[in-house]
Amino acid sequence: MARSSVDAEEQKVLQLKQQVADLEGKLKTYESRKAALDAQIRQSKTQVAQTRDTLGRTEIRLPMDARIGEVLVEKGEFVAAGSVLFEALGTDAVEITAELPTRLFRPLFANQQHMQVDLNEQGKFWNLVSNMKLEARVRLVGFPEAAHWQGKLLRISESIDPRRDTVGLVVQVDKPYADVIPGERPPLLKGMFTAVSFFAPAQPMLVVPRKAVHQGRVYVARPDKRLEIRQIETLYRQGEFVVVKGGLETGENIIVSAVIPVIEGLPLKPRLASEYVRKFAAAAMGDEAAMRRIEK
């Protein structure tokens, strides 16, 4: 046999020995991988057993009476821990966020003026809110007068809406499902349009109709039955009411109808609008029905 043939065969033998060594190495790694996979299988089985045990002891409880709203899962569906399952709406009370214009927020503090409060101290802030003694009345828009509830102020929003210049007042209404009258007083449900009115304790103030104020002036009927044009100082305006700070005294007669021409000292034949005065006084004291009649 030629030497070149011997060398070629020896080369093949060396290659085969190398392949055998590689295969033996792979076999050893397969054994370690198989042991790791067996360990993972045992761990997974343990986790399955623990999960089944946990699932068997799992209960979903509501801390209150509620109605189930939107449901976000299906029967048999897998969900991760912390996922939202459904929406539950409490029947004991509901919360309504009323957006009150900032210009109307000031009159609610009329009995707290000239007081200094450190708003960084939560206790003092809520003492101020408690001293306001606000009363909240909630009614359904478009429903009869029977569809109304009494509410209480829970909290005030932490910021002002810059687009609407309003501050949010969160009101709680207890027992929204009580005293239901079909067709007249439905239960107070999520998504209903409501109107919230806030009432502060009555304060002794001088109030005149808004239509009686003309560019900061009122027309006064003097005792000698002549017209006097009086400049007044207003504290604030609210709807059809103007609260007068100065320039007018209690008991003076002001003109609420049109005067043509407007001349200082013009002779007058005044006539007392008794019915209008009665309705206006009732509205100023918080009678909502009288207030709506005045606005019309």
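Going by the structure above, here's the rest.
Residues numbered from 1 in each chain as written. Predicted model: local features only at pLDDT ≥ 70, side-chain atom pairs only at ≥ 80, totals over all residues. Heavy atoms only, no water.

A count of helices and strands for the protein chain gives 5 helices and 14 strands. The C-alpha atoms of the protein chain give a radius of gyration of 40 Å, which is well past the 19 Å a tight globule of 296 residues would have. Based on the C-alpha atoms only, the size of the protein chain along its principal axes is roughly 150 × 50 × 40 Å. The contacts of the protein chain with a sequence gap of at least 6 include a subset with a gap of at least 24, amounting to 62%. A total of about 21700 Å² of accessible surface is found on the protein chain, and carbon and sulfur atoms cover 53% of it. (Helix = DSSP H or I, 4+ residues; strand = E, 2+ residues; numbered from the N terminus. Rg over C-alpha atoms; globule rule 2.2 N^0.38 Å. Contact = heavy atoms within 4.5 Å. Areas by Shrake-Rupley, 256 points an atom, 1.4 Å probe, with all protein chains shown as cover.)

Across the sheet, which stays open at both edges, the 5 strands sit in the order β3-β6-β5-β4-β7 with antiparallel pairing between neighbours. Since the sheet does not close on itself, it has two edges, and those belong to β3 (93-101) and β7 (194-199), each with one partner. Pairwise comparison of adjacent strand axes, ignoring direction, gives a mean angle of 40 degrees for this sheet. (Pairing = 2+ DSSP bridges. Axes fitted to C-alpha atoms, helices over the stretch in contact; angles between N-to-C directions.)

Moving on to the pairing of strand β5 (residues 148-161). Here strand β4 (residues 135-140) runs beside β5; their pairing, made up of 4 bridges, is antiparallel. From the neighbouring strand, Ala-136 faces β5, where its bridge partner is Gly-151. Pairing analysis gives 6 bridges linking β5 to strand β6 (residues 166-174), with the strands arranged antiparallel. Of the residues in β6, the one forming a bridge with Lys-152 is Gln-172. In textbook terms, the turn of a hairpin is the stretch between consecutive antiparallel strands, and for β5 and β6 this stretch comprises 4 residues, one of which, Asp-165, has a positive phi near 55 degrees.

Moving on: the layout of surface pockets. A volume near 390 Å³ is recorded for the second largest pocket. Surrounding the second largest pocket, 18 residues form its lining, Val-94, Glu-95, Leu-188, Leu-189 and Lys-190 being those nearest its centre. Of all the secondary structure elements, the ones that give two or more residues to the lining of the second largest pocket are β2 (86-90), β3 and β7. When residues in the lining of the second largest pocket are grouped by element, the largest group, 6 residues, is from β3. (1 Å grid on protein atoms, 1.4 Å probe; cavity = no way out; pocket = protein on both sides within 12 Å on 5 of 7 lines; lining within 4 Å. Points joined across faces, edges and corners; volume = space filled by probe spheres on them.)

A separate point is the pattern of salt bridges. Counted according to the given criterion, the structure contains 13 salt bridges. Across the pair Arg-61 and Glu-59 runs a salt bridge, and its minimum N-O distance is 2.8 Å. Residue classification places Glu-59 among the exposed residues on the basis of a relative accessible area of 56%. For the salt bridge of Arg-230 with Glu-252, the shortest nitrogen-to-oxygen distance reads 2.9 Å. Pair noted here: Arg-230 is in strand β11 (residues 227-231) and Glu-252 is in the loop between β13 (241-246) and β14 (253-254), with a separation of 22 residues, a long-range link. Residue Arg-230 is classed as buried on the basis of its relative accessible area, which comes to 16%. Among the charged side chains, a network of salt bridges with common partners joins Glu-228, Arg-230 and Glu-252. (Salt bridge = Lys/Arg side-chain N within 4 Å of Asp/Glu carboxyl O. Buried < 20%, exposed > 50% of the residue type's maximum accessible area, 1.4 Å probe, protein only.)

Right, let's get into a nonpolar patch on the surface. Together, Leu-62, Ile-68 and Val-71 make up an exposed nonpolar region whose accessible area comes to about 260 Å². By secondary structure assignment, the location of Val-71 is in strand β1 (residues 66-71). A relative accessible area of 49% means that Val-71 is categorised as partly exposed. (Patch = residues over 30% accessible without salt bridge, like charges linked within 9 Å, V, L, I, M, F, W, Y side chains within 5 Å.)

Attention now moves to the environment of Leu-154. Structurally, Leu-154 is set in strand β5. Owing to a relative accessible area of 24%, Leu-154 belongs among the partly exposed residues under this scheme. When the C-alpha atoms of Leu-154 and Val-129 are compared, they prove to be 9.6 Å apart, with 25 residues separating the residues in sequence.

Looking now at unusual backbone geometry. Most peptide bonds take the trans form, and the phi angle of most residues other than glycine is negative. A cis amide bond links Ile-260 to the next residue, Pro-261, at an omega of -5 degrees. In this fold, Pro-261 is placed in the loop between β14 and α4 (274-284). Positioned with a positive phi, Asp-165 is a non-glycine residue whose angle comes to about 55 degrees. Relative to the helices and strands, Asp-165 resides in the loop between β5 and β6.

Pairing is antiparallel across the open sheet formed by 3 strands, whose spatial order is β8-β13-β12. Of all the strands in the sheet, just β8 (206-209) and β12 (233-238) have a single pairing partner and so form its edges. Pairwise comparison of adjacent strand axes, ignoring direction, gives a mean angle of 35 degrees for this sheet. Relative to β13, β12 runs antiparallel, the two being bridged by 5 bridges. Paired with Gln-238 across the two strands is Phe-241, which belongs to β13. Against the sheet, α4 engages β8 and β13, with an angle of about 125 degrees to β8.

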